[in-house]
Structure formats: C-alpha cells, structure tokens
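# Examination of the molecular architecture
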Amino acid sequence: MNPQAKLIFMTSLLLGTTITISSNHWIMAWAGLEINTLAVLPLISKSHHPRSVEAATKYFLTQAAASALVLFSSMTNAWHTGQWDITQLSHPTSGLILTSAIAMKLGLVPFHFWFPEVLQGSPLSTGLLLSTIMKLPPITLLYMTSPSLNPTLLTILALLSTALGGWMGLNQTQIRKILAFSSISHLGWMAIIIIYNPKLTLLNFYLYTMMTATVFLTLNSMKVLKLSTLMTAWTKVPSLNAMLLLTLLSLAGLPPLTGFLPKWLIIQELTKQEMIATATLMALLSLLSLFFYLRLAYCTTITLPPHTTNHMKQWRTGKPTNVLIAILATMSITLLPISPLILALV
C-alpha cells in the first residue's frame, strides 16, 4: 500500500477514535465511529485477495448496521427525554438498543459471527488494529452509559461470550481465528463487570490490548499464520518463541503473570456484589480458553509436528528482536507484583 495512503488511513483511525472517546453528544460519537469504520476498510482489503474483500464487506455491513442502531437508540432517547448527552441515556428501550449495537460493534455473542471471519481475512497488522484500537470507542460508550444499562442483559451476553469464545476456539488451526475467539472471551470478562465497576473494565481492556499486541507483533515478526507453521518457527527466533509462550500463558490468566490480575479483580468484585454463582461460572468457563492457549503455547515451544517426513527447518534470523515487542512482552509477563501501584493509578 502507498505510504501516503496508509498515513491518511492511520490518521483517520486515530481521529475517529479520539472524536468518539472525547465527545458528549451522540451525533459526534456516531461520526467518530463512522470515520473509524471507513478508515479501517482499505487496511482490511489491501491485499486484494477474495478473502480480504469478503472480510471488508462483512465488516462494513455489520458496522453500518451497528452504527444505525446507535443512532436509532440516541434518537429514541432524545425523543423521550429531550437529551442528546451520552451520559443521560435514561430511557430503558434506548438502553437495550444501545447494548445490542455496542455488542455488534465489539463482537459479543450473539453478534460475534463476523469477527473471526474478518480477522481471518485481514493481515496480522490490521488484525491487531481490529482487536485493540477498534474496540476502544465502543467500550468508551459502554463506560459512559454504564449506570443506565440493563445488568441482566449484560450478564447474559458476557456469560455467553466467555462460553462460546472458549468453546469455538478449541477446534481451530488458524491462529488469527484462535485470537478472534480469545478476544470474544475477554470481551465477556469486560462486559460482566462494566455496571458494577467500570474502571475494572478499562483496566482489563488496557492489559488485554498490551498482551494481544505482543502476540500479534511476535507472530508478524515470525510470519506465522497457522499452527503447523508455528510448530517449525522455533528454529527461527528462539528468544521470541519463549516470549510468545509466556505471553500466551498470561493471556490465559495464569497466576504469576499479568493476565491473572484482571480476572482476579473481576471475580473479587463479583463476589462483593453477591454474584457468587456468576463468578464461579466465569472462572470455570475461562478453563475452555485456557485449553487453546496451552495448545498454542505447546505448539510454540515444545513439539514438532508428528510427521515421519523430514521437515525443512527455518534458518535462524540474525536480526535482533524489535524493542517494542521486548517492552510489551516484559509488561505482559511481569506486572502482577506491582498490581497495588496499577490499582492506585486506575
């Protein structure tokens, strides 16, 4: 892609995100979401492969439908209350429509079908944008409207997302699809707590973004898209493979690593809200996603594919590891001991 064009699209992406997260008026928030959608479409379809074009079409249709629902919800609220302020969403029907629209924007179950397909058709760099920065504006809108949303609906969406995100990722061999289902599962954790403690949702989102960025950048650096190629990538950059292993375990939420922090705090908050059954169910459902993270980690570092034929080993690259990957990986693995400081900052 032309560097000037890429610069324009990236600037538009940042502009759209900034407009949405800093606006008080529904029309401004909607305009920001539209700028975001239009800026990312060329980045999805830049390879001109039929799968990329299909992914861009699916993305456009779902995001356009979700944006129309956001507009419809805000107009209904303005009609009943005379308020266009985002924080004044007091009409219950508007709240339900908005929750559905944001669920569609984020890819929460049952509006999740587009996300794995779009991620599978996108390059890894665009997949990183779709999994991280594109989720920020909808989550900000949820954060601002959280006092007036329906807790039962959000809890059901969150439980279904965590369950299906873990369950549907079990059988995948394409790494981008596995990361898409991982994203759906993590969004379930964010959605369940947003009404009770919105700051925890943001903390979870920041840590998830950091860990996902590490995984995507590492895979992009190793040029890996499938489990079978991941199995032979260990000869290429052994240090990167070790970092990928630990980051995947952190994404799974295993205790000594950073990813354990949001899960621990969310379960603690749910217990304080006397939602013990929900907290137990969430913890059990996270075991599903733990399985496919362990499968990825296993393929990354331990085994070769079980073939009798001799595999072509990849040459070890002499290039040093990217500084950004090194910093992100270190943070993805080691932030748990300083969790009191993180909580004080949040």
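As the structure is a prediction and not an experimental result, all values here were calculated from the model. (Residues numbered from 1 in each chain as written. Predicted model: local features only at pLDDT ≥ 70, side-chain atom pairs only at ≥ 80, totals over all residues. Heavy atoms only, no water.)

All told, the structure shown has 3 salt bridges when counted by the stated rule. Note that E117 and K58 form a salt bridge whose closest N and O atoms lie 3.7 Å from each other. Of this pair, E117 sits in helix α5 (residues 114-121) while K58 sits in helix α3 (residues 50-81); the two residues are 59 residues apart in sequence, bridging distant segments of the chain. On the basis of relative accessibility, which here comes to 29%, the residue K58 falls in the partly exposed class. Taking the shortest distance from any N to any O, the salt bridge between K177 and E117 comes out at 3.5 Å. One end of the pair, K177, is in helix α9 (residues 175-193); the other, E117, is in helix α5, and 60 residues separate them in sequence. Taking the relative accessible area as the measure of exposure, K177 reaches 18% and is therefore buried. (Salt bridge = Lys/Arg side-chain N within 4 Å of Asp/Glu carboxyl O. Helix = DSSP H or I, 4+ residues; strand = E, 2+ residues; numbered from the N terminus. Buried < 20%, exposed > 50% of the residue type's maximum accessible area, 1.4 Å probe, protein only.)

As a further point, take unusual backbone geometry. Residue P110 is reached from V109 by a cis peptide bond, and omega for that bond is 5°. Locating P110 in the fold gives a position in the loop between α4 (92-106) and α5. Positive phi, close to 60°, is recorded for H48, a residue that is not glycine. Relative to the elements of secondary structure, H48 occurs in the loop between α2 (26-44) and α3. Unlike most non-glycine residues, K223 shows phi in positive territory, near 55°. Within the secondary structure, K223 sits in the loop between α10 (198-222) and α11 (227-231).

The next thing to look at is the UniProt feature "transmembrane region" (unreviewed entry) in the protein chain. Under the UniProt annotation, the feature "transmembrane region" (unreviewed entry) is placed at residues 56-75, 95-115, 152-171, 178-196, 202-219, 240-261, 281-302 and 323-345. In residues 56-75, the share of helix is 100% and the share of strand is 0%. The end C-alpha atoms are 28 Å apart. Secondary structure across residues 152-171 comprises 85% helix and 0% strand; the distance between its end C-alpha atoms is 30 Å. (UniProt positions renumbered as here; feature names shortened; annotations may be inferred.)

Moving on, we come to helix α14 (residues 276-301). Here α14 contains 26 residues, and its C-alpha end-to-end distance of 37 Å stays within 8% of the 38 Å for a straight helix at 1.5 Å per residue. Along α14, the helix axis deviates most sharply at S289, where the bend reaches about 25°. (Expected span 1.5 Å × (residues − 1). Bend = angle between axes of the 7 residues up to and from the residue.)

What follows concerns the domain arrangement of the protein chain. In terms of domains, the protein chain is made up of domain 1 (1-124) and domain 2 (150-308 + 318-345). The centre of domain 1, based on its C-alpha atoms, is set 24 Å off from the matching centre of domain 2. Across the contact, 17 residues belong to domain 1 and 24 residues belong to domain 2. Across the domain 1 to domain 2 interface the summed buried area is about 1800 Å²; carbon plus sulfur atoms make up 76%. Contact with domain 2 buries area across many residues of domain 1, yet V109, Q120 and L124 alone supply 39% of it, more than any other trio. Where domain 1 touches domain 2, the interface holds 1 salt bridge. Where domain 1 packs against domain 2, one counts 4 residue pairs in polar contact (both at pLDDT 80 or more). Those elements that place two or more of their residues in the side of domain 1 that touches domain 2 are α4 and α5. In terms of residues, the side of domain 1 that touches domain 2 owes the most to one element, α5, which gives 5 residues. Taken together, the residues that form the side of domain 1 that touches domain 2 break down as 11 nonpolar, 5 polar and 1 charged. (Domains from an automatic or database assignment. Contact = heavy atoms within 4.5 Å. Buried area = accessible area lost by both parts, 1.4 Å probe. Polar contact = N/O pair within 3.5 Å; in protein donor to acceptor, adjacent residues only side chain to side chain. Nonpolar A, V, L, I, M, F, W, Y, C, P; charged D, E, K, R; others polar.)

Further remarks concern the packing of helix α12 (residues 238-252) against α14. Between two packed helices, the angle of one axis relative to the other and the distance separating the axes together describe the packing. Where α12 meets α14, the closest approach of the two axes is 9 Å, and the angle between their N-to-C directions is 175°. Put simply, α12 runs roughly antiparallel to α14. Along the contact surface, α12 presents N241, L244, L245, L248, L249, L251 and A252, while α14 presents L290, Y293, L294, L296, A297, T300 and T301. Taken together, the residues of the contact of α12 with α14 sort by class into 11 nonpolar, 3 polar and no charged. (Axes fitted to C-alpha atoms, helices over the stretch in contact; angles between N-to-C directions. Parallel < 35°, antiparallel > 145°, perpendicular 65-115°, else oblique.)

This next bit is on the side chain of S289. Counting through the fold element by element, S289 comes out in helix α14. Note on S289: relative accessible area 5%, which makes it buried. Excluding anything up to four places from it in sequence, S289 contacts G166 and S185.

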